[in-house]
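# Survey of secondary and tertiary structure
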Number of protein chains: 2
Amino acid sequence: MPTPFTTQDFADRMTRAAQAAAGAGLAGLVITPGPDLVHLTGYQPTAVTERLTALVLPTDGVATLVVPKLERPDAEHATGAPALQLADWTDDMDPYQVLRPLLDPAGRYGISDSAWAMHLLGLQAALPGSSFTSLTSSLPMLRAVKGDDELERLAAAGAAADATYQAILTVPFAGRRECDIAADLAARLLESGHSQVDFTVVGSGPNGANPHHEAGDRVIRPGDTVVLDFGGLKDGYGSDTTRTVHVGADVAEQVREVHEVVLRAQQAAFEAVRPGVACQEIDRVARAVITEAGYGEYFIHRTGHGIGITTHEPPYMVEGEEQPLVPGMCFSIEPGIYLPGRFGVRIEDIVTVTGSGGRRLNNTPRELAIVQ
Amino acid sequence: MPTPFTTQDFADRMTRAAQAAAGAGLAGLVITPGPDLVHLTGYQPTAVTERLTALVLPTDGVATLVVPKLERPDAEHATGAPALQLADWTDDMDPYQVLRPLLDPAGRYGISDSAWAMHLLGLQAALPGSSFTSLTSSLPMLRAVKGDDELERLAAAGAAADATYQAILTVPFAGRRECDIAADLAARLLESGHSQVDFTVVGSGPNGANPHHEAGDRVIRPGDTVVLDFGGLKDGYGSDTTRTVHVGADVAEQVREVHEVVLRAQQAAFEAVRPGVACQEIDRVARAVITEAGYGEYFIHRTGHGIGITTHEPPYMVEGEEQPLVPGMCFSIEPGIYLPGRFGVRIEDIVTVTGSGGRRLNNTPRELAIVQ
């Protein structure tokens, strides 16, 4: 178990977030339940419901967490609670009127991406002179640069995912359904210390050509190419890795070729990682390799996404993202080629930016493994 | 297994929703992943992420489901898909520009309560002349009146929850932790046909005074009052019932008194259910009983919430909700009294409105049961 985060850790994070908000010209932040609230306060309500919970973090002044009264006892137990004020509201009150005096009536606020539209509309009505912008627009890198205590957790999650991959190579594939392999992956992720399994993609044969195919009833056969993409949370931080394997040693020429192209694209993108390089450059490098090999139209998603206390967060490695890489950022590099009706190949590692380049948090062989 | 919903069922629901939207003066609806999308199309993406998925349902014209391209194969398999148009976008596109031509630039739209603020802000920017209102504000009763096929599922979920309660009365309580009883509840919900357990509240002794306490390490003792509130989904529809039990037959006078007050409040509220009565009246009736008994300040939440494909949805039985009850509505009646530091009592049934009154979907005894 890593050392738990302390109240001081959360206080420091709130201070840094308020400074970043000021730097972005904001009057403050409005944070609703989800990863930003966990990051800043350690608080996660049992369930996200229609009842408003919101942290108002002004750039100058005291942070206030507004909660439904019946959830106040839980909120009081959050590690970050001593570093903020608590306020509550009951079902006979208008929660937006409770938030109103905490906000500058002419201020611009960053609001959690996943705040409910219902709550944003309530705030817009209660504060017609205020304006709102999503955190991804205004402060996308709020959680993007990880501290050493977070990198330690992400590396441990990556190592656990690697152990899962090594273990899955030893199970039989041929004659079993995708969902059976998915269950094996889930069991091994839990055995390796994950508290939560978020996805276990097993895309065999033509199903591998659907990047977000999960796992179905298809029976895997000798000669199938199988995309394995799995991850979850370990000690609160995410894992996410993909390898493509082949059932039996009789590999079709085009499978070999496509896999080799994806491998080169993934390696080239990894080698492009260094501080100051724009995120979109990582995407361009991977895409160039695949396009030059003639498969550009079959690489139908961005090259990567950030990872931390969620498995999808900024920074995104995508055309148009000009954010420069900063040491401590963590993200996936996961180029793929998807030939409709035939097969798919994807290779994915989590990578963190160091002072001079990149470091992989997944370190299993990337070559096309043969399974039985 | 109930008969699955058909493409025609979803087409009919979309038609009714478009008519309701027109009746509310809207140009249409913008529905993002979650219960409204499941209700209207049967489609639920594997995960709700930052990538926009949205159904645009105009009051006149064809419904269009906009999805990320890599999720299109999944969307095509939704039962409702043949009843709508599909459109997709790739990571190099602005999804709000994909939605823009589908919306009236001067229209007013109802948007899913839980649509991400990020997406609403994107739509507001792309369509500065359009306006948006949450479905709870503009069309709160979209899913509130259940069809017979839905009532059948809710009744079956209620019966399964009842079986769970009857079973839990036979397990030992004294000397075991709350979380052990919670695990028993979860196992019995699954045994009784639930596919998903959403909550298993076990609030023993002073923990019962926190209405949203889940279940912790506290060891239950003879003389404890224990609030048991549990539910989940069975065949896609929710259960939610609460009973308060006592460990051993030696019941303190005030526990008996408080339980009797809550029982009377719950019964009175149930008897008030009939078509045309305002939702807030159900809350008032329950609250009046508790207030007259001198415990008004300890009933710290609304009296109930709707239930369907989610366990919390309109209609809400709360002061200020003037919506009249309509046959087919389903909701909880769950008054409670919470004495801080001492104990809590709550009694909850799901009730549906009939042509002339109410019908309970939970039918286990409501009296204070004695457990060992």
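Residues numbered from 1 in each chain as written. Chains lettered and ligands numbered in written order. Predicted model: local features only at pLDDT ≥ 70, side-chain atom pairs only at ≥ 80, totals over all residues. Heavy atoms only, no water.

One finds Ile111 and Leu123 of chain A together with Ile111 and Leu123 of chain B to be the most contacted residues of the largest nonpolar core, which totals 46 residues. For this core, the secondary structure elements donating two or more residues are strand S2 (54–58), helix H4 (95–99), strand S5 (108–111) and helix H5 (117–126) of chain A together with strand S2 (54–58), helix H4 (95–99), strand S5 (108–111) and helix H5 (117–126) of chain B. Not counting chain neighbours up to four residues away, the residues in contact with Leu123 of chain B comprise Val30, Tyr96, Leu99, Leu103, Ile111 and Phe132 of chain B. (Core = buried A, V, L, I, M, F, W, Y, C linked by side-chain atoms within 4.5 Å. Buried < 20%, exposed > 50% of the residue type's maximum accessible area, 1.4 Å probe, protein only. Helix = DSSP H or I, 4+ residues; strand = E, 2+ residues; numbered from the N terminus. Contact = heavy atoms within 4.5 Å.)

The next subject is the sheet that holds strand S4 (residues 85–89) of chain B. Spatially, the six strands line up as an open sheet ordered S4-S3-S2-S1-S5-S6 (chain B), and their pairing is mixed. Both edges of this open sheet fall to S4 and strand S6 (131–134) of chain B, since each of them pairs with a single strand only. Across this sheet, the average inter-strand angle for adjacent strands is 25 degrees, counted without regard to direction. Across four bridges, S5 of chain B lies against S6 of chain B in parallel orientation. Counted as the bridge partner of Tyr109 of chain B is Phe132 of chain B from S6 of chain B. Sheet strands touched by H5 of chain A: S5 and S6 of chain B. Its angle to S6 of chain B, the strand with the most contacts, is close to 115 degrees. (Pairing = 2+ DSSP bridges. Axes fitted to C-alpha atoms, helices over the stretch in contact; angles between N-to-C directions.)

In this complex, chain A contributes 35 residues to the contact, which on the side of chain B involves 35 residues. For the chain A and chain B pair, buried surface summed over both sides reaches about 3,000 Å², with 61% attributable to carbon and sulfur atoms. On the chain A side of the interface with chain B, the three residues burying the most area are Leu70, Leu121 and His212 of chain A, jointly 18% of the side's total. For the pair chain A and chain B, the number of links is two salt bridges. Arg302 of chain B is the partner of Glu50 of chain A in a salt bridge, and the nearest nitrogen-oxygen pair spans 2.8 Å. (Buried area = accessible area lost by both parts, 1.4 Å probe. Salt bridge = Lys/Arg side-chain N within 4 Å of Asp/Glu carboxyl O.)

The next thing to look at is the domain arrangement of chain A. In many reports, interface size means the accessible area that the parts give up when they come together. All names here are of chain A. We note that the domain assignment places domain 1 (7–138) and domain 2 (148–371) within chain A. Across the boundary between the two partners, domain 1 contributes five residues, which contact five residues of domain 2. Counting each side, the surface lost to burial between domain 1 and domain 2 is near 380 Å², with a carbon and sulfur contribution of 62%. Across the domain 1-domain 2 interface, the total number found is zero salt bridges. Linking domain 1 to domain 2 there are zero residue pairs in polar contact (both at pLDDT 80 or more). (Domains from an automatic or database assignment. Polar contact = N/O pair within 3.5 Å; in protein donor to acceptor, adjacent residues only side chain to side chain.)

Inspection of every chain in the model, using the stated rule, returns seven aromatic pairs over all chains. For the ring pair Tyr295 of chain A and Tyr298 of chain A, a centre distance of 6.5 Å and an interplane angle of 55 degrees mean the geometry is tilted. Overall, the relative accessible area of 8% leaves Tyr295 of chain A in the buried class. Relative to Phe10 of chain B, the ring of Phe5 of chain B lies with its centre 6.3 Å away and its plane at 70 degrees, an arrangement referred to as edge-to-face. Summarising the burial analysis for this pair, Phe5 of chain B and Phe10 of chain B share the class buried. Taken together through their ring pairs, the aromatic side chains of Phe5, Phe10 and Tyr237 of chain A make up a single cluster. Here the guanidinium or amino end of Arg153 of chain A rests over the ring plane of Phe5 of chain A, the centre of that ring lying 4.0 Å away. The ring of Phe270 of chain A has Arg360 of chain A lying over it, and the distance from NZ or CZ to the ring centre is 4.1 Å. (Phe/Tyr/Trp six-rings, centres within 6.5 Å; stacked < 30°, edge-to-face > 60°. Lys NZ or Arg CZ within 6 Å of the ring centre and 35° of its normal.)

The subject of this paragraph is the packing of H5 of chain A against H5 of chain B. Relative to each other, H5 of chain A and H5 of chain B sit at 55 degrees, their axes nearing to 8 Å. Relative to H5 of chain B, H5 of chain A is oriented oblique. The element H5 of chain A and its partner H5 of chain B pack so that their crossing is right-handed. Across the interface between the two elements, Ala117, Leu120, Leu121 and Gln124 of chain A of H5 of chain A pack against Ala117, Leu120, Leu121 and Gln124 of chain B of H5 of chain B. Class assignment for the residues of the contact of H5 of chain A with H5 of chain B results in six nonpolar, two polar and no charged. (Parallel < 35°, antiparallel > 145°, perpendicular 65-115°, else oblique. Left-handed = near helix turned anticlockwise from the far one by under 90°. Nonpolar A, V, L, I, M, F, W, Y, C, P; charged D, E, K, R; others polar.)

Once that is clear, we can look at the pairing of strand S3 (residues 64–68) of chain B. One face of the sheet, then the other: side chains in a regular strand alternate in exactly this way. Residues and elements named next belong to chain B. Of all five residues in S3, five are buried; the element is thus mostly enclosed. Inspection of the sheet shows S2 paired to S3 by three bridges, in the antiparallel sense. Counterpart to Ala54 in the pairing with S3 is Val66. The antiparallel hairpin formed by S2 and S3 contains five residues in its connecting segment, where Gly61 sits at a positive phi of about 125 degrees.

As a further point, take the side chain of Glu348 of chain A. All names here are of chain A. Position of Glu348 among the secondary structure elements: in the loop between strand S15 (343–346) and strand S16 (349–353). Although Glu348 is buried, it makes no salt bridge; Arg346 carries the closest opposite charge, 4.9 Å away. Apart from the residues within four sequence positions on either side, Glu348 is in contact with Asp229, Asp240, Thr241, Thr242, Arg243, Gln266, His305, Ser332, Ile333 and Glu334. (Lys, Arg positive; Asp, Glu negative; His and termini not counted.)

So, about the pattern of salt bridges. With the rule as written, the count across this model stands at 40 salt bridges over all chains. Notably, a salt bridge pairs Glu313 of chain B with Lys146 of chain B, separated by 2.7 Å at the nearest N-O pair. Residue Glu313 of chain B is located in strand S12 (residues 313–317), and its partner Lys146 of chain B is located in the loop between helix H6 (135–138) and helix H7 (148–168); the two are separated by 167 residues in the primary sequence. Residues Glu313 of chain B and Lys146 of chain B agree in their burial class; the two are buried. Measuring nitrogen to oxygen at the nearest pair gives 2.9 Å for the salt bridge that ties Arg176 of chain B to Asp184 of chain B. Since its relative accessible area comes to 22%, Arg176 of chain B is described here as partly exposed. With relative accessibility at 15%, the residue Asp184 of chain B sits in the buried group. Residues joined in a network through salt bridges with shared partners are Asp36, Arg143, Lys146 and Glu313 of chain A.

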